[in-house]
Amino acid sequence: MKRQTLDAILRAKTARQAIVIARNLSTGEDQLLGRDDSTGSLPDVVQTAVQKAFQLGKSASVEADGAEFFIEAHIPSPRIILVGAVHISQALAPMTRRIGFDVTIIDPRTAFATPERFPGEVIRAEWPDEVFDEQPLDAYTGVASLTHDPKIDDPALDAALRSDCFYIGALGSRKTHEKRVARLEALGHDRASIDRIHSPIGLDIGAANPSEIAVAVLAEIIAAVRRPPKPS
């Protein structure tokens, strides 16, 4: 691998940015591509493979125009922020880690955010906006607000809406969400931005307890990561 290619990979990894390398194995030429870079110079089948690499995070080999290409994916691991050291988080955190996503639990309530309740998990007993100032949200971060407490959930949602994180979800009924919408509008968010929030959170599978809700939330997060974006 060329030194400049390796340097580009390391810079992207440090910045939690996605990069895909389209390598022509016949010529040895590398084309480094960010998510927003044009792929117009590549054959159609290679363009499709690059898009899949960004979507799925998997490398692949394809043939086009008599040449073989290796599509090498370097995609940040999705990072899931669970706002609320609650029963749903106790079920959701280990499941999320098991599928390979990084997990952080944030809750300023020190009686809830304890290693005893969340063994082996990354816990921050701080306010969400304070954590996000230190670790900014990015396109590979999802935020699930689960406390039912506006004093904790609203700052997290406010920060998430001001970022390009790939998923935002919030626990609560539709009536609860209507009140939340009003509060977020008062913070300067328009309705189109607020509509990014999945609420009620999780896929509608009739979940009836914290563990089932955790399954529904994780399924919704996976869909947000793996499915291609819907056309505008």
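Remember, it's a predicted structure, so these values are computed and weren't measured experimentally.

Novice: Got a sec to walk through the nonpolar core? Specific residues and values, please.
Specialist: One recurring pattern in soluble globular proteins is that nonpolar side chains are buried together. If you look at the biggest cluster of nonpolar residues, it comprises 23 residues, and the most contacted ones within it are Leu-82, Leu-146 and Ile-201. Of all the elements in the fold, those that place two or more residues in this core are β5 (79-83), α3 (87-98), β6 (102-106) and α8 (210-226). Per-element tally for this core: the top contributor is α8, with five residues. Setting aside residues up to four positions removed in sequence, Ile-201 forms contacts with Ala-144, Leu-146, Tyr-167, Gly-169, Ala-170, Leu-171, Val-217 and Glu-220. The next biggest cluster of nonpolar side chains, apart from the first, holds 19 residues, and it includes Phe-132, Ala-156, Ile-168 and Leu-184.

Novice: So what's going on with unusual backbone geometry? Residues and values would help.
Specialist: Ser-199 connects to Pro-200 through a cis peptide bond whose omega is 0°. Mapping Pro-200 onto the fold places it in the loop between β10 (197-198) and α8. The backbone of Asp-65 shows a phi angle near 55°, a positive value even though the residue is not glycine. Judged by relative accessible area, which is 74%, Asp-65 ranks as exposed. For His-148, which is not glycine, the phi dihedral falls at a positive 70°.

Novice: Could you give an account of the sheet that holds strand β2 (residues 29-33), naming the residues involved and the relevant values?
Specialist: The sheet built from four strands is open, its strands ordered β2-β1-β4-β3 with antiparallel pairing. Each edge of the open sheet is held by one strand with a lone partner, namely β2 and β3 (60-64). Geometrically, the sheet is characterised by an average inter-axis angle of 25° between neighbouring strands, direction not taken into account. Packed on one face of the sheet, helix α1 (residues 3-14) meets β1 (19-24), β2 and β4 (67-74) and runs near 160° to β1.

Novice: Describe the environment of Asp-37, with residues and values.
Specialist: Secondary-structure assignment places Asp-37 in the loop between β2 and α2 (44-56). Residue class for Asp-37 comes out partly exposed when judged on its relative accessible area of 43%. The spacing of Asp-37 and Ile-19 is 18 residues in sequence and 9.8 Å in space, taken between C-alpha atoms. A distance of 2.6 Å separates a polar side-chain atom of Asp-37 from the backbone nitrogen of Gly-34.

Novice: Any details on a nonpolar patch on the surface? Residues and values, ideally.
Specialist: There is a patch of nonpolar side chains on the surface, built from Leu-203, Ile-205 and Val-215 and spanning about 250 Å² of accessible area. Structurally, the position occupied by Leu-203 is in the loop between β10 and α8. For Leu-203, a relative accessible area of 39% translates into the label partly exposed.

Novice: Any details on the layout of surface pockets? Residues and values, ideally.
Specialist: If a probe the size of a water molecule is rolled over the atoms, the empty space left behind becomes visible. Roughly 200 Å³ of volume is contained in the second largest pocket. Around the second largest pocket, the lining residues are Ala-15, Arg-16, Gln-17, Ala-18, Gly-34, Arg-35, Asp-36, Asp-37, Asp-138, Ala-139, Tyr-140 and Asp-164.

Novice: Could you give me a rundown of α8, with the residues and numbers involved?
Specialist: Turn by turn, an α-helix covers 3.6 residues, leaving residues three or four places apart pointing in a common direction. Relative to the 24 Å expected for 17 residues at 1.5 Å per residue, α8 spans 24 Å between its end C-alpha atoms, a close match to the ideal helical length. Taken together, the buried positions of α8 are Ala-214, Ala-216, Val-217, Leu-218, Glu-220, Ile-221, Ala-223 and Val-225. Contacts from the buried residues of α8 go to α2, β5, α3, β9 (167-170) and β10. Capping the start of α8, Asn-209 holds a side-chain oxygen 3.1 Å from the backbone nitrogen of Ser-211, two or three residues further along.

The rules we used
Every chain's residues receive numbers from 1 upward, in the order its sequence appears when written. Thresholds applied to this predicted model are a pLDDT of at least 70 for local features of residues and 80 or more for the giving and counting of side-chain atom pairs; totals over whole chains, interfaces and linings are not thresholded and use all residues. Heavy atoms throughout the structure, all of them, feed into the side-chain values; hydrogens and water do not. Here, the term nonpolar core denotes a set of buried Ala, Val, Leu, Ile, Met, Phe, Trp, Tyr and Cys residues that are joined through side-chain atoms within 4.5 Å. Exposure classes here rest on a 1.4 Å probe applied to the protein chains alone. A residue is buried below 20% of its type maximum, exposed above 50%, and partly exposed in between. A run of H or I in DSSP counts as a helix once it spans at least four residues, and a run of E counts as a strand once it spans at least two, with each numbered from the N terminus. In what follows, residue pairs with any heavy atoms lying within 4.5 Å of each other are defined as contacts. Only when DSSP finds a minimum of two bridges between them are two strands counted as paired. Orientation is described by lines fitted to C-alpha atoms, with helices fitted over the stretch in contact, and by angles between N-to-C directions that extend from 0 to 180 degrees. What qualifies as a polar contact is a pair of N or O atoms within 3.5 Å, subject to a donor-acceptor requirement within protein and to the restriction that residues adjacent in sequence count only when both atoms come from side chains. Surface patches are drawn from residues lacking salt bridges whose relative accessible area is over 30%; two like charges belong together within 9 Å, two nonpolar side chains (Val, Leu, Ile, Met, Phe, Trp, Tyr) within 5 Å. Methods summary: accessible areas were calculated by the Shrake-Rupley approach with a probe of 1.4 Å, and residue burial reflects only the protein chains presented. Salt bridges are identified by distance alone: a Lys or Arg side-chain nitrogen within 4 Å of an Asp or Glu carboxyl oxygen. In the cavity and pocket records, a cavity denotes points on a 1 Å grid over the protein atoms alone where a 1.4 Å probe fits but cannot get out, a pocket denotes an open set with protein on both sides within 12 Å along at least 5 of 7 lines, and lining residues are residues with an atom within 4 Å of a point. Grid points are joined across faces, edges and corners, and a volume is the space filled by probe spheres set on the points. An expected span of 1.5 Å times one less than the residue number is assigned to each helix.

That's the geometry; what it means functionally is another story.
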